[in-house]
Amino acid sequence: MSDKHNQLTEIIKKGADITGLTPPSGAMSAFHTYYDLLSERGKDVNLTALSGAEDIARLHFLDSIALLNIIAFQGARMIDIGSGAGFPGIPLKIVEPTIDLTLLDSSGKRIAFMSELCDVLNIDAHCIYARAEEAARDAALRASFDVAASRAVAKLNMLAELCLPYVRVGGTFIAMKGADSESELFEAENAFQILGAKLNDCVDYVIPGTDITHRAVIVTKIAETPDKYPRRFARIQKSPL
């Protein structure tokens, strides 16, 4: 095992112990492969601004699997919207293999990376190359997921319009945000109401081994999203709900 792999294993195992998670057999090997492929493909494709085993382990892998302590993912049908290099969906699937995972991104190169990664890891996941606001019109995807998650950088009111149409009534939209997101929460109240949802909870958590606090914003779908949403992205940007 390489020094990088040893470092990944130590960080992830220690972080999982701190948060009370028990990765299944084979998870560490999967994270090693993930790191290797991310490092290699990242030379040609813009997959992540982070580099090095420590940052990837803490700020991508541990940050992603922290969600397992926040809501129940066992057996959930989940869509990761704007997944990029696979965060948080693929690390969640590695640690909780019962997730029925769909990965959606508007970059063909990123979808190609995630498809290759899932093949190498023997992960059964649906990789969709599409814009979120367009794929939400697909009857096979709309209102059909238990969980929609996003770690995208868009403001919460915009993310809500892009993500909530995918969630079934009674399901959950979980947005990964910084701990200083109070203003976004306030701005998103109107969007939640229009889109048939309500704020359930905000859970702050510290990434093990760092002084970084992130926030999981948990939104419950309580009614069907009106058919007119999501709007075209230019409209969402110009006039957020």
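Scroll up a little and you will see the structure.
Residues numbered from 1 in each chain as written. Predicted model: local features only at pLDDT ≥ 70, side-chain atom pairs only at ≥ 80, totals over all residues. Heavy atoms only, no water.

### A word on the pairing of strand 2 (residues 100–105)
Right, on to step 1. Strand 2 sits mainly inside the fold: five of its six residues count as buried.
Right, on to step 2. The pairing of strand 1 (residues 77–81) with strand 2 spans five bridges and is parallel. Of the residues in strand 2, the one forming a bridge with Ile79 is Thr102.
Right, on to step 3. For the segment spanning strand 1, helix 4 (residues 89–95) and strand 2, crossover handedness is right-handed.
Right, on to step 4. In this sheet, strand 3 (residues 125–129) lies alongside strand 2 in parallel orientation, the contact comprising five bridges. (Buried < 20%, exposed > 50% of the residue type's maximum accessible area, 1.4 Å probe, protein only. Helix = DSSP H or I, 4+ residues; strand = E, 2+ residues; numbered from the N terminus. Pairing = 2+ DSSP bridges. Right-handed = clockwise from strand over helix to strand, strands pointing away.)

### Some thoughts on helix 2 (residues 27–41)
Residues spaced three or four apart along an α-helix point in a common direction, a consequence of the helix completing one turn every 3.6 residues.
Right, on to step 1. Here helix 2 spans 21 Å end to end across 15 residues, near enough to the 21 Å set by a 1.5 Å rise per residue.
Right, on to step 2. Along helix 2, the residues that are buried comprise Ala27, Met28, Ala30, Phe31, His32, Tyr34, Tyr35, Leu37 and Leu38.
Right, on to step 3. Where helix 2 is buried, its residues meet helix 1 (3–19), helix 3 (53–65), helix 4 and helix 5 (108–121). (Expected span 1.5 Å × (residues − 1). Contact = heavy atoms within 4.5 Å.)

### Points about the layout of surface pockets
Right, on to step 1. Of the voids in this model, the largest pocket is the one considered here, and its volume is about 900 Å³.
Right, on to step 2. The wall of the largest pocket is formed by 36 residues, among which Gly82, Arg110, Arg151, Ala152 and Val153 lie closest to the centre.
Right, on to step 3. Of all the secondary structure elements, the ones that give two or more residues to the lining of the largest pocket are helix 3, strand 2, helix 6 (132–135), helix 7 (156–163), strand 5 (167–178) and strand 7 (213–221).
Right, on to step 4. When the residues that make up the lining of the largest pocket are grouped by side-chain class, the tally is 18 nonpolar, 10 polar and eight charged. (1 Å grid on protein atoms, 1.4 Å probe; cavity = no way out; pocket = protein on both sides within 12 Å on 5 of 7 lines; lining within 4 Å. Points joined across faces, edges and corners; volume = space filled by probe spheres on them. Nonpolar A, V, L, I, M, F, W, Y, C, P; charged D, E, K, R; others polar.)

### A word on unusual backbone geometry
Note: most residues except glycine have negative phi, and most peptide bonds are trans.
Right, on to step 1. The omega torsion across Phe87 and Pro88 is 10 degrees, close enough to zero to call that bond cis.
Right, on to step 2. Cis geometry is adopted by the peptide bond preceding Pro230, which originates at Tyr229 and carries an omega value of 0 degrees.
Right, on to step 3. By the secondary structure assignment, Pro230 is in the loop between strand 7 and helix 9 (233–238).

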